[in-house]
Amino acid sequence: MSYKIVMDSCGELPESYKKDGHFERVPLTLDIDGHLVVDDETFDQADFLKRVAASPNCPKSSCPSPHRYLEAYTCDADHVYAVTLSAELSGSYNSAELGKKLYEEEYGEKKIHIFNSRSASIGETLIALKIEACEKAGMSFEDVIAAVDAYIAEQHTYFVLESLEALRKNGRLSNLKAFVANALNIKPVMGATPQGTICQKDQARGVNRALKRMADYVAEEIKNPAEKIVAISHCNCPERAQFVKEEIAKRISVKDFLILDTAGVSSLYASDGGIIVVA
């Protein structure tokens, strides 16, 4: 059976997958003080980060429209899967579901399933790769869904940010807390709850200590590490990504590592120097 995997643009794809017809990314749109940026192949990360740093406001993101998802579902594939940003953080999941309803109203029944990643960024990537592996193994549509749902339930997301400005600007962190954290060089170790919301797991003084604490959490919480790919996404800091990889490798043996640059939407919160790890 043929298949297609649709992913919103918060998720990254390795270069070798970008021209693979089994995959399609549908872009979110970012609004920086009225300047619209489409998160597609035209995205200019350096210009975007410069505009974000200069603005006193937090950029607003708009999820892909249901019609855009409808267009992605309209294909010859027998099985279509969509992977979206956590439904707790974005309307992308609901938009993807509405796109499915639009497809069914216009074309009739089709095997389309939307996965709420309960994560973001590289977390979406790993889910897409899991779907691909299940399809290549010849699993049925229903068995793919069950296997991927189980995979999502075991997944853990962590991140350490160089700057807390984006969290301050969008109200997730008070001005006072941001000021104190910056003044004392305190770096929170953040994570995702099982429901897909953001939580603080720990904190450390200095980014390297925070990254090591993040590696501790990965080692403590990952299940069956020898069977897992650990994915690391970075925003303009490949050396830090390599540092995190080495720190995790000191603690546990995993199946493999995948390191990618952050996508446009992820860059909004990661900013220069941000690291996201999903295991």
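Above this text sits the structure in question.
Quantities reported herein were computed from a predicted structural model and do not represent experimental measurements.

A. Geometry of the packing of helix α2 (residues 66-73) against helix α3 (residues 92-107). Their axes nearest at 7 Å, the elements α2 and α3 cross at an angle of 60°. Considering their axes alone, α2 and α3 lie oblique with respect to each other. The chirality of how α2 crosses α3 is right-handed. From α2, P66, H67, Y69, L70 and Y73 reach across to α3, where they touch S92, S95, A96, L98, G99, K100, L102, Y103, E106 and Y107.

B. The arrangement of helix α8 (residues 207-221) in detail. Between its terminal C-alpha atoms α8 stretches 21 Å, which fits the 21 Å expected from 15 residues at 1.5 Å a residue. Three or more residues of α8 are buried, namely V207, A210, L211, M214, A215, Y217 and V218. With its buried residues spanning 160° around the axis, α8 presents them on a single face. Exposed and facing more than 90 degrees away from the buried side of α8 are R209 and E220.

C. Examining the pattern of salt bridges more closely. Counted under the stated rule, the structure contains 14 salt bridges. The partner of E24 in a salt bridge is K4, and the shortest N-O contact between them spans 2.6 Å. Of the two residues, E24 sits in strand β2 (residues 23-26) while K4 sits in strand β1 (residues 3-8), which places them 20 residues apart along the sequence. Among the residues examined, K4 registers a relative accessible area of 10% and is labelled buried.

D. Fine view of the packing of aromatic side chains. Across all of its chains, the model carries six aromatic pairs by this definition. Between F43 and F48, the aromatic rings sit 5.2 Å apart at their centres with planes inclined by 55°, giving tilted as the arrangement.

E. A look at the side chain of T125. Along the chain, T125 falls in helix α4 (residues 122-136). Residue classification places T125 among the buried positions, given a relative accessible area of 0%. For T125, the contacting residues outside a window of four places in its chain are M7, G11, E12, P14, L258 and L260.

Rules behind the numbers
Residues numbered from 1 in each chain as written. Predicted model: local features only at pLDDT ≥ 70, side-chain atom pairs only at ≥ 80, totals over all residues. Heavy atoms only, no water. Axes fitted to C-alpha atoms, helices over the stretch in contact; angles between N-to-C directions. Helix = DSSP H or I, 4+ residues; strand = E, 2+ residues; numbered from the N terminus. Parallel < 35°, antiparallel > 145°, perpendicular 65-115°, else oblique. Left-handed = near helix turned anticlockwise from the far one by under 90°. Contact = heavy atoms within 4.5 Å. Expected span 1.5 Å × (residues − 1). Buried < 20%, exposed > 50% of the residue type's maximum accessible area, 1.4 Å probe, protein only. Arc of directions from axis to C-beta. Salt bridge = Lys/Arg side-chain N within 4 Å of Asp/Glu carboxyl O. Phe/Tyr/Trp six-rings, centres within 6.5 Å; stacked < 30°, edge-to-face > 60°.

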